[in-house]
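Examination of the molecular architecture
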Amino acid sequence: MPNFLHRRNFLRFTTGLGLVVGLDYFSPAYAKQIKSIKADQTQLKYPEIIDLIIQETGVKIGEQNATGITVNNSIPAPLIRLKEGQIAKINVTNKLDEDTSIHWHGIILPVKMDGVPGVSFAGIKPGQTFTYEFPIIQSGTYWYHGHSGLQEQRGHFGPIIIDPIESDPFQYDKDYVVMLSDWTFEDPYDVLKNLKKMSSYYNNQKRTVENLSEDSMWRQMRMDPTDIADITGATYTYLINGLVPETNWTAIFKPGEKVRLRFINGSAMTFFDVRIPGLKMTVVQADGQNIQPVIVDEFRMGTAETYDIIVEPKNEQAYTIFAETMDRSGYARGTLAISQGMTAPIPKLRERPVRSMKDMGMNHDMSGMNNNLHMNHDMSGMNSNSTMNHDMSGMNSNSTMNHDMFNDEAVPNISNDFGVRNAGVPMMVQSRLNEPGIGLENTGTRVLVYSDLRNIAPGYDQRKPDREIELHLTGNMERYMWSFNGKKYSEEKEIAFYKGERLRLTFINQTMMEHPIHLHGMWMELDNGAGQYKPRKHTIIVKPAEKLSVEINVDVSGKWPLHCHLLYHMKVGMFRTVAIMDHPVEAG
Ligand SMILES: [Cu+2]
């Protein structure tokens, strides 16, 4: 370490997004923080070998001292910059006293390099160095993080940029990573314990319900209408590039320049709503994939999603980069400005949203029905299709059978009773891809919706799916149980995909929370009405009482995780291993 950076300063400086491995290894973060990473890619030297060291380090989060899990002494971990077509070779040394790992989120790679202990490899033991080596066959904005225990919550995550061989189909002058995260000074295992004891532990916003019959309905759903986030600003500090709102991470522009901002939601549990008051944002990438540009005022990011946007500030002024949490309990904040030290007004937190009948899978015209009959939480009478149709005469159950095209009609949720692990079963499920999501319905501004996303080019495989699998997202908020099909990972490990098939995977969210579902190793092409231009995603938000489908080319081998990317949901069991099997031989 250069001696002008004695330890204390070094720690402080490295809490900004600073170190670019292999490029300017020793350049301190405060210098990097204000520099655009836009570079002439023909001049950039991409490192052949990258060395990462994972250890516990003292860090400063705002003014407070803490201990985090750092990579090369930094939270977030250093930016890894690679070039499409190269071989990535990354030595990861574990200096913790427990096992660790790195998963390369959204990167298509050989299964042994995917970095999930117990699924793809054995993990990295204390003192051990593991070398990841894989060809880079894509470009865009991604990220990496620990996949061991709850290490990710303690700082074990960082950004990845892969520069394309052929330049991106949009222009920009400045380029910045904006990595969002949530930090707690509590031990993450205590956080989990608290949630298990009382799911509303971090929900200081419980409302007083005026309407008794509605209240009893919520209780039967084992939900409270203010359950928007399990973990809130009550314990979380929200960070941009490792910095608290007061530190005000700042990106510099000259008026008239096009600024690319690579937003990465590296949080453990937080959905962010992002806007830059005074500027229109042109969304050009989603999950690292170029899309047909969409101009918006605001967009929502589920945990683990990425969006690249271009803004073109014209005035000599400052603009606030405002990432408000979905539950409105806090925000991360940075600034776009013509020089360091400038600030712009910080918007007020908006009113906290409450869950609606639609989130419960009920339409308004069904509000008169007898709660006790229909909302009983064990729903033992619900399996019968005829009961449902009798009560909800207006519904068209045939629409469930149409697999060929996107369709957004509500369908009765005739699926199963998944037992205690599934507390409230929505009456109906429907597509919600054209909804911006809870709290963003009536902003009066243009908010990105999933049905806006259209891949820049037609998908490489236009085969119709051979087969459809349904996966139910299930939960019991009151008991903090989260699962698929009512079974947690320890009870049911695997789902089979068949090698070579084109699969339609349909998610049905039986819970009243949004879940960002992540599939490793394969793209999910979201069936959002874009026809041949389905966007490719690695992480997809499934809204309460939503039914949505993705198509997957099963062109890999091995075993790959499929899980909710809310860290604590994954931890308690909302996780499966996808096992790639040979196609069963047809009898006869
Ligand atoms: Cu979840």
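All of the points below concern the structure found in this document. Just so you know, these numbers come straight off a predicted model, no measurement behind them.

In this section: the pattern of salt bridges. Evaluated as defined, the whole model comprises 36 salt bridges. A salt bridge links Asp-99 to Lys-125, with the nearest nitrogen and oxygen atoms 2.7 Å apart. Of this pair, Asp-99 sits in the loop between strand 4 (87-94) and strand 5 (103-105) while Lys-125 is found in the loop between strand 5 and strand 6 (129-135), placing the two residues 26 residues apart along the sequence. A salt bridge links Arg-260 to Asp-168, with the nearest nitrogen and oxygen atoms 3.1 Å apart.

Bringing the layout of surface pockets into the picture now. Reported here for the largest pocket is a volume of approximately 580 Å³. Lining the largest pocket we find 33 residues, and of these Ile-137, Gln-138, Gln-289, Trp-523 and Arg-536 sit closest to its centre. Tallied by class, the residues present in the lining of the largest pocket amount to 16 nonpolar, eleven polar and six charged.

We describe a pair of aromatic rings using the distance from one ring centre to the other and the angle between the two ring planes. Taken as a whole and judged by the stated rule, the model has 18 aromatic pairs. An angle of 85 degrees between the planes, with centres 5.0 Å apart, marks the rings of Trp-104 and Tyr-132 as edge-to-face. Of this pair, Trp-104 sits in strand 5 while Tyr-132 sits in strand 6, and the two are 28 residues apart along the sequence. Site record: aromatic cluster; members linked through ring pairs are Trp-104, Phe-121, Phe-130, Tyr-132, Phe-134 and Tyr-144. For the cation-ring pair, Lys-38 lies above Tyr-172, with the distance from its terminal atom to the ring centre recorded as 4.8 Å.

To continue, consider the coordination of the copper ion. The protein atoms donating to the copper ion are His-515 (ND1), Cys-564 (SG) and His-569 (ND1), with metal-donor distances spanning 2.1 Å. Look at where the donors of the copper ion fall in the sequence and you get H-x48-C-x4-H. Of this pair, His-515 sits in strand 26 (residues 515-519) while Cys-564 sits in strand 31 (residues 559-564), and the two are 49 residues apart along the sequence. Here the two residues His-515 and Cys-564 agree in accessibility, since each one is buried.

With that out of the way, let us pick up the sheet that holds strand 30 (residues 547-553). Strand order across the open sheet formed by six strands is 23-22-25-30-27-28, with mixed pairing between neighbours. Taken across any chain shown, the strands that pair with only one partner, and hence form the sheet edges, are strand 23 (481-484) and strand 28 (536-537). One ladder, built from four bridges, connects strand 22 (residues 467-476) with strand 23; its direction is antiparallel. Pairing of Asn-476 across the sheet is with Met-481, part of strand 23.

So, how was this worked out
Residues numbered from 1 in each chain as written. Predicted model: local features only at pLDDT ≥ 70, side-chain atom pairs only at ≥ 80, totals over all residues. Heavy atoms only, no water. Salt bridge = Lys/Arg side-chain N within 4 Å of Asp/Glu carboxyl O. Helix = DSSP H or I, 4+ residues; strand = E, 2+ residues; numbered from the N terminus. 1 Å grid on protein atoms, 1.4 Å probe; cavity = no way out; pocket = protein on both sides within 12 Å on 5 of 7 lines; lining within 4 Å. Points joined across faces, edges and corners; volume = space filled by probe spheres on them. Nonpolar A, V, L, I, M, F, W, Y, C, P; charged D, E, K, R; others polar. Phe/Tyr/Trp six-rings, centres within 6.5 Å; stacked < 30°, edge-to-face > 60°. Lys NZ or Arg CZ within 6 Å of the ring centre and 35° of its normal. Donors = N, O, S within 2.8 Å, 3.2 Å for Na, K, Ca; no water. Buried < 20%, exposed > 50% of the residue type's maximum accessible area, 1.4 Å probe, protein only. Pairing = 2+ DSSP bridges.

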